[in-house]
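An overview of the molecular structure
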Amino acid sequence: DAQMTQSPSSLSASVGDRVTITCRATQNINNNLAWFQQKPGKAPKSLIYAASILQSGVPSRFSGSGSGTHFTLTISSLQPEDFATYYCQQYNNYPLTFGGGTKVEIK
Amino acid sequence: EVQLLESGGGLVQPGGSLRLSCAASEFTFSSYAMSWVRQTPGKDLEWVSTISSSGTSTYYADSVKGRFTISRDNSKNTLSLQMNSLRAEDTAIYYCAKEKKAGTTLDYWGQGTLVTVSS
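In what follows, the accompanying structure is described. (Residues numbered from 1 in each chain as written. Chains lettered and ligands numbered in written order. Predicted model: local features only at pLDDT ≥ 70, side-chain atom pairs only at ≥ 80, totals over all residues. Heavy atoms only, no water.)

Regarding the nonpolar core
Among the nonpolar cores identified, the biggest contains 43 residues, and Trp36, Leu79, Leu81, Met83, Tyr94 and Trp109 of chain B are the most heavily contacted of them. Counting residues per element, this core draws most heavily on strand 9 (residues 92-99) of chain B, which supplies 5 residues. Of all hydrophobic cores here, the second largest spans 25 residues; its members include Ala25, Ile29, Phe62 and Ala84 of chain A. (Core = buried A, V, L, I, M, F, W, Y, C linked by side-chain atoms within 4.5 Å. Buried < 20%, exposed > 50% of the residue type's maximum accessible area, 1.4 Å probe, protein only. Helix = DSSP H or I, 4+ residues; strand = E, 2+ residues; numbered from the N terminus.)

Below is the structure:
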(Lines give C-alpha, C1' and ligand atoms only; values in the text may rest on other atoms or scores of the structure.)
Protein backbone atom coordinates (compact mmCIF):
# COMPACT_ATOMS: atom_id res chain seq x y z
CA ASP A 1 0.00 0.00 0.00
CA ALA A 2 1.17 3.52 -0.73
CA GLN A 3 1.39 5.52 2.48
CA MET A 4 1.06 9.29 2.16
CA THR A 5 2.87 11.68 4.49
CA GLN A 6 2.12 15.39 4.55
CA SER A 7 4.24 18.13 6.05
CA PRO A 8 3.83 20.24 7.97
CA SER A 9 0.83 18.98 9.92
CA SER A 10 -0.09 22.59 10.62
CA LEU A 11 1.14 26.05 9.81
CA SER A 12 0.33 29.63 10.66
CA ALA A 13 0.38 32.20 7.89
CA SER A 14 -0.86 35.67 7.09
CA VAL A 15 -3.10 36.87 4.28
CA GLY A 16 -0.93 37.39 1.24
CA ASP A 17 1.70 34.84 2.22
CA ARG A 18 2.94 32.14 -0.12
CA VAL A 19 2.25 28.72 1.39
CA THR A 20 3.68 25.37 0.34
CA ILE A 21 2.52 21.96 1.58
CA THR A 22 4.44 18.79 0.82
CA CYS A 23 3.11 15.27 0.28
CA ARG A 24 5.35 12.23 -0.02
CA ALA A 25 4.40 8.71 -1.09
CA THR A 26 6.17 5.57 0.05
CA GLN A 27 6.13 4.22 -3.51
CA ASN A 28 5.93 5.59 -7.04
CA ILE A 29 2.40 6.82 -7.73
CA ASN A 30 3.27 8.50 -11.06
CA ASN A 31 1.13 11.67 -11.18
CA ASN A 32 -1.97 10.05 -9.71
CA LEU A 33 -2.32 12.51 -6.87
CA ALA A 34 -5.16 14.76 -5.79
CA TRP A 35 -5.44 17.63 -3.32
CA PHE A 36 -8.54 18.44 -1.30
CA GLN A 37 -9.54 21.39 0.86
CA GLN A 38 -11.80 20.91 3.87
CA LYS A 39 -13.40 23.58 6.02
CA PRO A 40 -14.93 22.83 9.44
CA GLY A 41 -18.23 20.97 9.22
CA LYS A 42 -17.99 20.61 5.45
CA ALA A 43 -17.11 17.81 3.06
CA PRO A 44 -13.73 17.80 1.34
CA LYS A 45 -13.60 19.80 -1.87
CA SER A 46 -11.52 18.71 -4.84
CA LEU A 47 -8.84 21.26 -5.77
CA ILE A 48 -6.30 19.50 -7.97
CA TYR A 49 -5.96 16.14 -9.70
CA ALA A 50 -3.26 14.49 -11.79
CA ALA A 51 -0.83 16.33 -9.49
CA SER A 52 -1.18 19.67 -11.25
CA ILE A 53 -4.56 20.08 -12.96
CA LEU A 54 -6.94 22.51 -11.29
CA GLN A 55 -10.55 21.47 -10.94
CA SER A 56 -12.98 23.77 -12.65
CA GLY A 57 -13.66 26.87 -10.60
CA VAL A 58 -10.57 26.61 -8.39
CA PRO A 59 -8.68 29.93 -8.19
CA SER A 60 -5.38 30.12 -10.05
CA ARG A 61 -3.49 31.00 -6.86
CA PHE A 62 -3.58 27.26 -6.17
CA SER A 63 -1.04 25.12 -7.98
CA GLY A 64 0.29 21.60 -7.70
CA SER A 65 3.46 19.96 -8.85
CA GLY A 66 5.43 16.76 -8.56
CA SER A 67 5.53 13.21 -9.81
CA GLY A 68 6.61 9.84 -8.51
CA THR A 69 6.88 10.20 -4.75
CA HIS A 70 7.20 13.92 -4.04
CA PHE A 71 4.42 16.45 -4.51
CA THR A 72 3.64 20.00 -3.47
CA LEU A 73 0.58 22.20 -3.18
CA THR A 74 1.28 25.92 -3.33
CA ILE A 75 -1.01 28.82 -2.57
CA SER A 76 0.67 31.84 -4.12
CA SER A 77 -1.11 34.51 -2.07
CA LEU A 78 -3.15 33.24 0.85
CA GLN A 79 -6.68 34.61 1.04
CA PRO A 80 -9.02 34.63 4.08
CA GLU A 81 -11.17 31.89 2.55
CA ASP A 82 -8.13 29.60 2.21
CA PHE A 83 -7.79 28.93 5.92
CA ALA A 84 -8.71 25.25 6.04
CA THR A 85 -7.24 21.77 6.21
CA TYR A 86 -5.65 20.32 3.08
CA TYR A 87 -5.30 16.63 2.26
CA CYS A 88 -3.41 14.81 -0.47
CA GLN A 89 -4.64 11.47 -1.83
CA GLN A 90 -3.17 8.91 -4.19
CA TYR A 91 -5.32 7.03 -6.68
CA ASN A 92 -2.56 5.10 -8.43
CA ASN A 93 -3.56 1.85 -6.74
CA TYR A 94 -6.12 0.42 -4.36
CA PRO A 95 -6.34 0.96 -1.48
CA LEU A 96 -6.78 4.67 -2.11
CA THR A 97 -4.86 6.46 0.63
CA PHE A 98 -4.86 9.96 2.09
CA GLY A 99 -2.27 12.06 3.81
CA GLY A 100 -2.86 13.08 7.41
CA GLY A 101 -3.78 16.64 6.53
CA THR A 102 -2.24 20.09 6.90
CA LYS A 103 -4.17 22.69 8.86
CA VAL A 104 -3.56 26.23 7.63
CA GLU A 105 -4.32 28.72 10.37
CA ILE A 106 -4.30 32.48 10.63
CA LYS A 107 -1.16 34.00 12.14
CA GLU B 1 -24.57 21.03 -10.07
CA VAL B 2 -23.88 17.46 -8.92
CA GLN B 3 -25.85 16.51 -5.82
CA LEU B 4 -25.02 13.65 -3.47
CA LEU B 5 -27.18 13.17 -0.37
CA GLU B 6 -26.27 10.52 2.19
CA SER B 7 -28.68 9.04 4.72
CA GLY B 8 -28.95 6.14 7.11
CA GLY B 9 -26.38 7.04 9.73
CA GLY B 10 -27.03 6.77 13.45
CA LEU B 11 -26.10 5.13 16.72
CA VAL B 12 -25.63 1.37 16.66
CA GLN B 13 -24.25 -1.13 19.16
CA PRO B 14 -21.06 -3.06 18.49
CA GLY B 15 -21.85 -6.09 16.36
CA GLY B 16 -24.87 -4.38 14.85
CA SER B 17 -25.71 -3.46 11.28
CA LEU B 18 -26.53 -0.29 9.39
CA ARG B 19 -27.29 0.52 5.76
CA LEU B 20 -26.19 3.82 4.29
CA SER B 21 -27.67 5.28 1.13
CA CYS B 22 -26.54 8.03 -1.21
CA ALA B 23 -29.04 9.66 -3.58
CA ALA B 24 -27.38 11.10 -6.65
CA SER B 25 -28.74 13.73 -9.01
CA GLU B 26 -27.77 16.24 -11.69
CA PHE B 27 -25.39 13.87 -13.49
CA THR B 28 -25.58 10.58 -15.38
CA PHE B 29 -25.13 8.30 -12.37
CA SER B 30 -24.73 5.10 -14.40
CA SER B 31 -21.63 6.48 -16.14
CA TYR B 32 -19.46 6.97 -13.07
CA ALA B 33 -17.75 4.86 -10.47
CA MET B 34 -18.69 5.79 -6.92
CA SER B 35 -16.91 5.49 -3.60
CA TRP B 36 -17.45 5.66 0.15
CA VAL B 37 -14.85 7.52 2.21
CA ARG B 38 -15.02 7.98 5.97
CA GLN B 39 -13.57 10.56 8.31
CA THR B 40 -12.70 9.46 11.80
CA PRO B 41 -13.20 11.55 14.94
CA GLY B 42 -9.48 12.32 14.70
CA LYS B 43 -10.13 13.85 11.23
CA ASP B 44 -8.27 11.18 9.27
CA LEU B 45 -9.77 10.41 5.87
CA GLU B 46 -10.04 6.70 5.08
CA TRP B 47 -11.17 5.18 1.80
CA VAL B 48 -13.76 2.47 2.42
CA SER B 49 -14.97 1.09 -0.90
CA THR B 50 -15.44 1.76 -4.61
CA ILE B 51 -17.89 0.33 -7.14
CA SER B 52 -17.58 0.56 -10.90
CA SER B 53 -20.17 2.36 -13.00
CA SER B 54 -21.91 -0.88 -13.95
CA GLY B 55 -21.60 -2.39 -10.49
CA THR B 56 -19.66 -5.40 -11.72
CA SER B 57 -16.42 -4.47 -9.95
CA THR B 58 -16.04 -3.64 -6.29
CA TYR B 59 -13.05 -2.80 -4.10
CA TYR B 60 -12.73 -2.67 -0.33
CA ALA B 61 -10.31 -1.51 2.33
CA ASP B 62 -8.89 -4.43 4.28
CA SER B 63 -10.43 -3.00 7.45
CA VAL B 64 -13.98 -3.51 6.14
CA LYS B 65 -13.59 -6.45 3.76
CA GLY B 66 -16.04 -9.23 4.61
CA ARG B 67 -18.16 -6.90 6.78
CA PHE B 68 -19.24 -4.12 4.40
CA THR B 69 -20.92 -4.47 0.99
CA ILE B 70 -21.14 -1.68 -1.58
CA SER B 71 -23.89 -1.75 -4.18
CA ARG B 72 -25.71 0.55 -6.57
CA ASP B 73 -29.05 0.78 -8.33
CA ASN B 74 -28.53 2.68 -11.55
CA SER B 75 -32.28 2.75 -12.20
CA LYS B 76 -32.77 4.69 -8.97
CA ASN B 77 -29.52 6.70 -8.99
CA THR B 78 -28.68 5.30 -5.58
CA LEU B 79 -25.47 4.08 -3.98
CA SER B 80 -25.59 1.92 -0.85
CA LEU B 81 -23.24 0.61 1.82
CA GLN B 82 -24.39 -2.33 3.96
CA MET B 83 -22.35 -2.40 7.14
CA ASN B 84 -22.40 -5.51 9.32
CA SER B 85 -20.49 -6.58 12.43
CA LEU B 86 -19.83 -2.95 13.27
CA ARG B 87 -16.98 -2.05 15.60
CA ALA B 88 -16.17 1.02 17.64
CA GLU B 89 -13.41 1.89 15.17
CA ASP B 90 -16.04 2.19 12.39
CA THR B 91 -17.32 5.34 14.10
CA ALA B 92 -16.93 8.11 11.53
CA ILE B 93 -18.64 10.47 9.14
CA TYR B 94 -19.29 8.52 5.93
CA TYR B 95 -19.17 10.39 2.64
CA CYS B 96 -20.20 9.15 -0.77
CA ALA B 97 -18.14 10.54 -3.60
CA LYS B 98 -18.19 10.48 -7.39
CA GLU B 99 -15.16 9.65 -9.50
CA LYS B 100 -14.27 12.22 -12.15
CA LYS B 101 -13.64 9.34 -14.53
CA ALA B 102 -12.64 5.72 -14.00
CA GLY B 103 -9.51 5.37 -11.92
CA THR B 104 -9.15 9.05 -11.14
CA THR B 105 -9.91 11.55 -8.45
CA LEU B 106 -13.11 11.99 -6.45
CA ASP B 107 -14.50 15.24 -7.79
CA TYR B 108 -17.77 15.60 -5.85
CA TRP B 109 -18.59 14.59 -2.29
CA GLY B 110 -21.84 14.47 -0.34
CA GLN B 111 -22.30 16.24 2.98
CA GLY B 112 -21.76 13.03 4.96
CA THR B 113 -23.71 10.95 7.46
CA LEU B 114 -22.49 10.18 10.98
CA VAL B 115 -22.20 6.59 12.15
CA THR B 116 -21.54 6.03 15.86
CA VAL B 117 -20.82 2.54 17.12
CA SER B 118 -21.15 2.43 20.88
CA SER B 119 -22.87 0.51 23.63
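Having seen it, we continue.
Structural notes on the sheet that holds strand 1 (residues 3-7) of chain B
All names here are of chain B. Spatial ordering of the open sheet is given by 1-3-8-7, a layout of 4 strands whose pairing is antiparallel. With partners counted over all chains shown, the strands left at the sheet margins are strand 1 and strand 7 (68-73), one partner each. Across the sheet, the mean angle separating the axes of adjacent strands is 15 degrees when strand polarity is ignored. Summarising the sheet, strand 1 and strand 3 (residues 18-25) pair through 5 bridges and their orientation is antiparallel. Across the sheet, Leu4 pairs through a bridge with Ala24, a residue of strand 3. (Pairing = 2+ DSSP bridges. Axes fitted to C-alpha atoms, helices over the stretch in contact; angles between N-to-C directions.)

Some thoughts on the packing of aromatic side chains
A ring pair, where both rings are aromatic, is described by two values, the distance of the centres and the angle of the planes. Per the counting criterion, the structure on display carries 9 aromatic pairs over all chains. Seen from their ring centres, Phe27 of chain B and Tyr32 of chain B are 5.9 Å apart, and the 70 degrees between their planes marks the pair as edge-to-face. What makes Tyr32 of chain B partly exposed here is its relative accessible area of 26%. Taken together, the ring pairs in this structure connect Phe36 and Phe98 of chain A together with Tyr95 and Trp109 of chain B into an aromatic cluster. If you follow Lys98 of chain B out to its NZ or CZ, it ends over the ring of Phe27 of chain B, 5.8 Å from the centre. Over the face of the ring belonging to Tyr32 of chain B we find Lys98 of chain B, whose NZ or CZ atom lies 4.0 Å from the ring centre. (Phe/Tyr/Trp six-rings, centres within 6.5 Å; stacked < 30°, edge-to-face > 60°. Lys NZ or Arg CZ within 6 Å of the ring centre and 35° of its normal.)

Description of the interface of chain A and chain B
Taken together, the contacts link 17 residues of chain A with 20 residues of chain B. Counting the surface lost from both chain A and chain B, the interface buries some 1500 Å², and carbon and sulfur atoms represent 64% of this. Connecting chain A to chain B are 0 salt bridges. Here chain A and chain B share 5 residue pairs in polar contact (both at pLDDT 80 or more) between them. For the side of chain A that touches chain B, the secondary structure elements donating two or more residues are strand 4 (33-38), strand 5 (45-49) and strand 9 (85-90) of chain A. The element that contributes the greatest number of residues to the side of chain A that touches chain B is strand 4 of chain A, accounting for 3 residues. Its residues placed into classes, the side of chain A that touches chain B shows 11 nonpolar, 5 polar and 1 charged. (Contact = heavy atoms within 4.5 Å. Buried area = accessible area lost by both parts, 1.4 Å probe. Salt bridge = Lys/Arg side-chain N within 4 Å of Asp/Glu carboxyl O. Polar contact = N/O pair within 3.5 Å; in protein donor to acceptor, adjacent residues only side chain to side chain. Nonpolar A, V, L, I, M, F, W, Y, C, P; charged D, E, K, R; others polar.)

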